[in-house]
Structures are given as structure tokens and as C-alpha cells.
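Results of the structural survey
Residue strings, one per chain:
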Amino acid sequence: MASCERIGRDSMDKSITLPPDEIFRNLENAKRFAIDIGGSLTKLAYYSTVQHKVAKVRSFDHSVKETEDDPLYEISVQEEITARLHFIKFENTYIETCLDFIKDHLVNTETKVIKATGGGAHKFKDLIEKKLKLKVDKEDEMTCLIKGCNFVLRNIPHEAFVYVRHADSEFRFQNTNPDIFPYLLVNIGSGVSIVKVESEDKFERIGGSSIGGGTFWGLGALLTKTKRFDELLQLASRGQHTSVDMLVKDIYGGSYASLGLTGDLIASSFGKSATADKEFSKEDMAKSLLHMISNDIGQLACLYARLHNLSRVYFGGFFIRGHPVTMHTITYSINFFTKGEVQALFLRHEGYLGAIGAFLKGAEEDNPNQYSWGENYAGSSGLMSVSPDLNPMQRARSGTFPFDMLEMDRLERKLVNLPLLQDPSSYIPDTVDLTEDALAREYWLFCFEDALDGVVKRAVASQPDLPQAVERAEKFRQKYRHKLQTLRQQPFAYGSLTVRSLLDTREHCLNEFNFPDPYSKIKQRENDLALKYFQKVVKSLEKLSWEQRQFALIKGLLAGNVFDWGAKAVSDVLESDPEFGFEEAKRQLQERPWLVDCFDQWIERLKGPPHTCALFFVDNSGIDIILGVFPFVRELLCRGTEVVLASNSGPALNDVTNNELQILTERIAAMDTVIQTGIRDDRLILVQSGSSSPCLDLSRLDKVLATVVRERHTDLVIIEGMGRAIHTNYYATLSCESLKLAVIKNSWLAERLGGKIFSVVFKYEQPPPSLDGHQ
């Protein structure tokens, strides 16, 4: 299909801004479908397989290694097939044309059934069966809704948010709580359904109301002669309800303090229209109506939340649709009636809940809940991309109006919390929320945009033999730049904006255009080089006194951490001076006292008994892992401490991956009896973290790693690197001792923290006392 072709060229050309093959992505590999059809919006879900390139490393047989210059391992790029969920939301107006497009591109579907839910599933049943030649299997709407809600709350970080109007950041996203139950779901469609959800499969409709979105639409149409729901919301956003509503001060001449009432509180919705001899504007009447219905729903939700002792209330349904005035009114109502004890929460993807639930019902034999899923930022459009508040220019920028898309990748492993988090429910990985910090946001968005040319150059250089590399790299540039522009306009588009999410979005976009590991050859070269110096570094350490050696080991860790191709100041040096080495990096480090300096406390701790087991989240390849980390690991093993090395499951920048680390450890063991014995006695083990990011989210780690941590009675966690220990986890509180160490390789960040470039953070923390006063 030509990229310039549009769905329904004659009837839809003005509305759709993306080629259909970018909207219905991977449709030719679709295996299973589900559809949720409401009164005006259709939500389509399908499961597809995606073929993409992955970088693999394989050790050479070194028994037949011919020359010293032969590489340590070989790198190959292979095709891999992974599972992806696609969700598309569009207006019912376009359903027939969309079904035609799907029909023309269905090639490999394995199913003869499409799961359907929603009020429109019956209305469009014959059309769907005729167009797609699939049998429509209707599913219970409420069951699908709850299944979908549980799924997004479990799998999408920053899915839920509170709305605070006129704040610097109106959207305050919630960190993922490992225990999502119980909660109240208030679904506002034509009417209102109130559902108490106690577990994955236990829920009950405990109440509802006939006064809902349909009431707002119907009465609004009568009052304003406006027939379209979105136009009614736009009218409301421009109105002044005080022209129509009677306030407390209109009755009492001020506030009524003895009853706890403020003067601006609505005493009677539409109260002034009975006595005022004047015409009221459409905008004012729409605003008054929106307040009346939102307040009524809010009070009803409060009563049920109080009755069932629930503090979390999620609002969803066609009435909400991410509309600021609606969310503000409901939030105000909840806060007023419960004095802040109950939280009004909204969902980024609430429009997809029914479709997700219907899909899950149809996919139960595949056990989709046994996997973890992650949002794919390259293929998802952001929050508010279809908001009625967006003007045409913003709609064009969002690129998906009137379509809205969500894509989720099935992850290879189940992700869980690190068992050593002090309080998983309050853990926030990211140190700075760029959604709230405008100055930091502007700096980092500029920083990532400024680095884009270098990333494109590196991507092309990683695939010199592939003629399409330049073209794909240019498409990556356009895609990522578009994402950055969207985030500049809508920082909240994908949840809390952080340095981590900017990095992850870039990795997703690189993978989208088949650049799975642009730094693979650099890592290979640096690993080869560093291995040649390992024994020399160990011998020099063994000549030192115990205390001198402890300082040298830490300095070696810090110097190794300088070699980070993700930091522009460092990559510029490494590009211009290939001879820049370990000793040069040591000389660059800040002299003590460091910016954060807990070294003396660490030395005192080392004079005590050895730790049982240390979990070390490693960072970069080359000098960092080989000359910095392994000598430190060697010392821990000699002290009698078991060591678990946790490395990335997949590539990100020049971070060492688990596959690479396996090969490096094998080679170091051949040179060093301490490492060799540690592996043989199962006292040094390598485990993948489950992450493919330069940063670290301790609430989404490989389940195998969590099991190892528990079984080994881990009592020390070491987190290394700017991404893992500064951008994330700087304030993370653990239930055991921890070391967080990094060299700050960004001048702006260093100055913000009160230091200079190459300032050192060495943070040793002991667990806070437990409630009974013990450690």
C-alpha cells in the first residue's frame, strides 16, 4: 500500500492524518480479534506477531583462537518473533471503511471468531460478520470492563492519575501499586454503573444511576440545540456556571460558616434560571449542566466508597474521555464530600477497558495474565490526543485524530517487585518528574533532541553492510523527533515524563526501525581491550594495604563508570581520543570530599562481619564491568560474601547485557581463581534483571531475580551508574544496606546537584529502623 493512500479517500480524507498501514499496524499477522462498540466510539483490539531484529552474541572457541587480535565473541543480528497487542479507537462513523481495510489485509488470522462487547456489538453484528467473515461472540460488558481495568492497572506504569486543575502539572500520576484490590469503579456511560472489585474474578455491581453521560447529552441537546457530544463539552469548557447556578452567597449574602459552606458553593443547579429575566448563553447552560451531573455522580461515588470502606475510586466511561472540566468537577466533588479521604482517580486508557477485557476472554487459552506486558511508546499515541479541547493545529501535531492507538509488547518474563523494597506501594523509581519540573523538562527535551544526530550516526555505523540502514535511521529520526515534539506540547502524554521514559522511548523507536543494538561493536571492542588489563589491575590491588585497597576498589568502580556512551560529554571524548583509558578516567574524578561522600561509613561497615549476599546492578560494558566491577566482586567473594550480578536482559546504549556478561565472566574465570571458584561453588551467579533500559525500575524486575534475592538472604544492594542510581533510585528506600554510586557526567545535572562535571556520588545507606525499633 502506498504510504500516501488514506482510508476512504473520498469520505475521510480530511479527518485522517496517518496512512492506514500505520494505524492498523502488523495487521497481516493478526491472530485474534476483539471489539467494543459503544454509542459513538469503536475500540478494536487484536493480537499480532511482530518480526524484528535482535542482536545476539556467541562465544568463540578460544581453544583454537588463532591470534591475540581475534574478537572475544561474534555478534549476529537475527530475526525474532514476539507478541504484540494493538488497540485502536475510532468514531463509529468510520467503522465500515475500517472493516473493509481489515478485511483486505487479513492474511494469517488463526481464529474464526471475534469477541465483541458494548451496546453497539448487537447493532453492528451482521456488518462485522459479513465484512470479516468472523463469527461475533458477545461477551458480558461488565466482566470485560473489570478484566480490562485489572489488566491496565497491573501492566502499565502511570496508568492512573489524579487531576489537579490549574496546578503546574495538572496530571499527577500514581506509581504502580502491587496490590490493586479492592477498588471502586464508577463507569459513566449513558447511565452510571458502580462496581466494587475485590479480586481478579470477584466483583459486584453495588449501585448506579440513570443520570449519566446520556443525561448530559440529552438535556444539553435540548438546552443548546447542540447534537454532538464533543461540541457540548467544548461549549461547557467556555462557559460560566455562576451565571445560571444559584450559589450559597446568592442566598446568604456571603459564606455560611456555621454549616461549613463557602460562598462559591452551588446551592441550586440552574437556580437562577427560574427568577432571572434574561437569556442564558449555550456555554453557561452547558457548564451548569456538566457541574450538576458531575457533582451528582461524585456524591454518589462518595457514599458507596464510604459504605464499603474503599479509598480508591476509578472513574471511566464515555462521559470522562480525558476532558479537563469533567475530571475537575468530579475531583472537586469527591474531595468536598469526603474531606480528602477518598481519591478520585482517572485512567489513561479507560476507553480501551472493554476491548481489552473482551480480548482477554478470547485469549484465555494463551494465559495472557501469566506474562507481563509493557507499553510500546513508539506505537502508542499519547493521552489527550483526541481531546475536544485540542485545536486543529494540535490535532495535526498529535497525528492520530480521530484515531487513538495503544500498543503493548509481551515481555519474555514475568516482572515483579524487588523483595527488598522497604515499601513497594510508595516506591517511585524516578528522581525528578519532568511533568512537574518545567525547567528540567525543557533542558532534557533539548538535550535529547540535540543528541539525535549522534544517535542516527551511531545507528547507521552499526549496520555498515545494510543498504537500507540510512533510510531506516532517517525514519527513526523523524519518529523520535515527533515524540519529543508531542512531549513538549503534552508532557503528560505517556504518564510522568522522566529521563527514564525519554530513554525508553528512544530505545523503542530504534527497535521499531530494526536497530536492536547500535553499540554492539563498540562494546565488543571495549570488552576485548579491557580484558587484557584485568590481571594487571588485580595484581596492583593485591600490593596495597587493606584500607588502601578498599579505596582503590571504589575509585576503580567510579572510574569505570565514566565510560558511558550515553553521556555526551564522555562520548565526545571517546570519539576524539580512542586512547582515553582507565588511569585517565581516575584523574578526571572529583577529589574527596565527594559531592555525596559516605566512604568513611562504608569502611567502618567493612570492618564488621561480611555480608551474606550482595546484589549488584551493573552498568556499562568494557572498562566499567571488567576493570571496575569484577575486582570489587572479587574482594566481596574473598570476604565470604556471595554475589549476584544483575545485568540487562536486552541492549540499551553500551550497558552490558546478560549474554555478554556470561561470556566475559567465563573469560575472567579462566584468568582468576577467585572468580573461577566463586562460579564453581555457586557463590557468584549471573541473573538478568528483566530490563532493557539504561535506568532501573525496582518494581519491574525478573521474577527469577526476585526468587534468587529471597533464597540467598541478600543483605546488600549495590546500584551503579547515573541512570540507575541518580535518574532513578536515588531516593529508593530498601530494607537492607545499599550502595548507590555514580559519576555525574552531565554539567547541567551536576550544577543542579551543587557540583561540577565528574562529581562523585557515593551513597551508603542502612535500612531505616522497623516499627519495633530494630534494624
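Whatever comes next refers back to the structure up there.
Parameters and conventions
Starting from 1, residues in each chain are numbered consecutively following that chain's sequence as written. This being a predicted model, a pLDDT of at least 70 is required before a residue's local features are given, and a value of 80 or more before pairs of side-chain atoms are given or counted; all residues contribute to the totals for chains, interfaces and linings. Note that the side-chain values use all heavy atoms of the structure and ignore hydrogens as well as water. Criterion used throughout: strands pair if DSSP finds at least two bridges between them. Strands are runs of DSSP state E lasting at least 2 residues, helices are runs of H or I lasting at least 4, and numbering of each runs from the N terminus. A fitted line through C-alpha atoms serves as each axis, taken over the contacting stretch for helices, and the angle formed by two N-to-C directions is quoted from 0 to 180°. By definition in these notes, contact holds between two residues if any of their heavy atoms fall within 4.5 Å. By the definition adopted for this analysis, an angle is roughly parallel if under 35 degrees, roughly antiparallel if over 145, roughly perpendicular if from 65 to 115, and oblique otherwise. Gly is placed with the polar residues, together with every amino acid not listed as nonpolar (Ala, Val, Leu, Ile, Met, Phe, Trp, Tyr, Cys and Pro) or charged (Asp, Glu, Lys and Arg). We call a set of buried Ala, Val, Leu, Ile, Met, Phe, Trp, Tyr and Cys residues a nonpolar core when their side-chain atoms join them within 4.5 Å. Burial classes: relative accessible area under 20% of the type maximum marks a residue as buried, over 50% as exposed, and values in between as partly exposed (1.4 Å probe, protein chains only). Our arc is simply the arc of the directions from the helix axis toward the C-beta atoms. Note on handedness: a clockwise path from strand one over the helix to strand two, with the strands aimed away from the viewer, defines a right-handed crossover.

The next subject is the sheet that holds strand β6 (residues 160-163). Spatially, 7 strands are ordered β7-β6-β14-β13-β8-β9-β10 in an open sheet, and the strand pairing comes out mixed. Each end of this open sheet is capped by a strand with a single partner; those strands are β7 (171-173) and β10 (203-209). Sheet twist, expressed as the mean angle between neighbouring strand axes with direction ignored, is 35°. In this structure, strand β8 (residues 183-188) lies alongside strand β13 (residues 312-316), joined through 4 bridges in parallel fashion. Among the inter-strand pairings, L184 is bridged to a residue of β13, identified as V313. Helix-sheet contacts for helix α11 (residues 324-338) involve β6, β7, β8, β13 and β14 (343-347), and the interaxial angle to β14 is about 155°.

Where helix α8 (residues 229-238) contacts helix α10 (residues 282-307), the axes come no closer than 7 Å and their chain directions differ by 95°. When the axis of α8 is compared with that of α10, the two are roughly perpendicular. Seen from α8, the contacting residues are L232, L233, L235, A236 and R238; seen from α10, they are K282, E283, A286, K287 and L290. When its residues are assigned to classes, the contact of α8 with α10 shows 6 nonpolar, no polar and 4 charged.

With that out of the way, let us pick up the nonpolar core. Formed by 61 residues in total, the largest nonpolar core has its most connected members in W602, F632, L645 and F762. Here this core takes 10 residues from helix α24 (residues 623-639), the largest share from any one element. The residues touching F632, leaving out its near neighbours within four places in the chain, are L553, I554, L557, W602, F616, I718 and L739. If you look at the next biggest cluster of nonpolar residues, it comprises 43 residues, including A236, A286, A305 and F315.

Among the residues of helix α27 (residues 703-711), L705, A706, V708 and V709 are the ones counted as buried. One side of α27 carries all its buried residues, which in axial view fall inside an arc of 160°. Seen from the open side of α27, the exposed residues pointing more than 90 degrees away from its buried face are R710 and E711. On its buried side, α27 packs onto β17 (415-416), β19 (613-617), β20 (642-647), β21 (684-688) and β22 (701-702). H713 lies just past α27 and shows a positive phi near 55°.

In terms of burial, β19 is a largely internal element, 5 of the 5 residues being buried. Burial along β19 is two-sided: C613, L615 and F617 and A614 and F616, pointing in opposite directions, are all buried. Judged from the 5 bridges that link them, β19 and β20 form a sheet pairing that is parallel. Bridge pairing in β20 places C613 opposite E642. With α24 bridging β19 and the parallel β20, this β-α-β connection has right-handed handedness. Pairing analysis gives 4 bridges linking β19 to strand β23 (residues 716-720), with the strands arranged parallel. Within β23, the residue paired with A614 across the bridge is L716.

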